[in-house]
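# Inside the fold
The primary structure of each chain is shown beneath.
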Amino acid sequence: RAVDLPVIDDGPESVVIPCDPDRPGVVIDGEFHAIDVVFPVLHGPWGEDGTIQGLLELAGVPYVGSGVLASALCMDKITLKTVLRAAGITVSDWVAIDGGSDVEDALTRALGLGSVVFVKPSRAGSSVGISRIDVQRDGRAGLMAAIESARAHDPRVIIEAGVLDA
């Protein structure tokens, strides 16, 4: 679902982050302001996905928190689970869907993941576009609706097996 962003009409005309590691700062409307450190408190794509961290590193501006690789990796649920599993770390089973996927095959495999699955956009923030599907109750139609809901936020979708309390 598209959302109109608010218009801020009283901000600066221009903001430039010069790439000068010897003089970290920002130029706002032509005036340089030194920066000691940035606290990137951002959510979702173009924020917590490593892009801001990459910009700050290019500009030589110190920041707190995770670096570019960790931020990018953790933002993409499919890629993260693939890397963790390759490193021998146990993760719940999943089915990935992207533009080249056979969705019918993915649906069949997802229905075999367990009694509860979670359908998520692979590269969206924490709880955006997530659906909990009770496989017995919701079935194939419920799963397909959840996939479409997740695709509204990202064409890459992950369907994860629910992890039950032991």
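Data block above holds the structure.
Residues numbered from 1 in each chain as written. Predicted model: local features only at pLDDT ≥ 70, side-chain atom pairs only at ≥ 80, totals over all residues. Heavy atoms only, no water.

Quick look at unusual backbone geometry now. Despite not being glycine, D29 has its phi angle at roughly 50 degrees, a positive value. Tracing the chain through its elements places D29 in the loop between β2 (25–28) and β3 (31–34). Given a relative accessible area of 45%, D29 falls into the partly exposed group. (Helix = DSSP H or I, 4+ residues; strand = E, 2+ residues; numbered from the N terminus. Buried < 20%, exposed > 50% of the residue type's maximum accessible area, 1.4 Å probe, protein only.)

Going through the model one piece at a time under the given rule, you end up with nine salt bridges. Between R137 and D138 there is a salt bridge whose closest N-O contact spans 3.0 Å. Here D138 falls in the partly exposed class, since its relative accessible area comes to 24%. Sharing partners across several salt bridges, the network here consists of K81, K120 and E160. (Salt bridge = Lys/Arg side-chain N within 4 Å of Asp/Glu carboxyl O.)

On the basis of which strands lie adjacent, the open sheet formed by three strands has the order β1-β2-β3 and antiparallel pairing. At either end of the open sheet lies a strand with only one pairing partner, and these are β1 (15–16) and β3. Relative to β3, β2 runs antiparallel, the two sharing four bridges. Looking at the pairing, G25 lines up with A34 of β3. (Pairing = 2+ DSSP bridges.)

All right, on to the packing of helix α2 (residues 68–75) against helix α3 (residues 77–86) then. At a minimum axis distance of 5 Å, the contact between α2 and α3 shows a crossing angle of 105 degrees. Taken together, the axis directions place α2 and α3 in an arrangement best described as roughly perpendicular. Contacts between α2 and α3 involve L73, C74 and M75 from the first element and K77, T79, L80 and V83 from the second. For the contact of α2 with α3, a count of residues per class yields five nonpolar, one polar and one charged. (Axes fitted to C-alpha atoms, helices over the stretch in contact; angles between N-to-C directions. Parallel < 35°, antiparallel > 145°, perpendicular 65-115°, else oblique. Contact = heavy atoms within 4.5 Å. Nonpolar A, V, L, I, M, F, W, Y, C, P; charged D, E, K, R; others polar.)

Keep in mind these values describe shape, not function.
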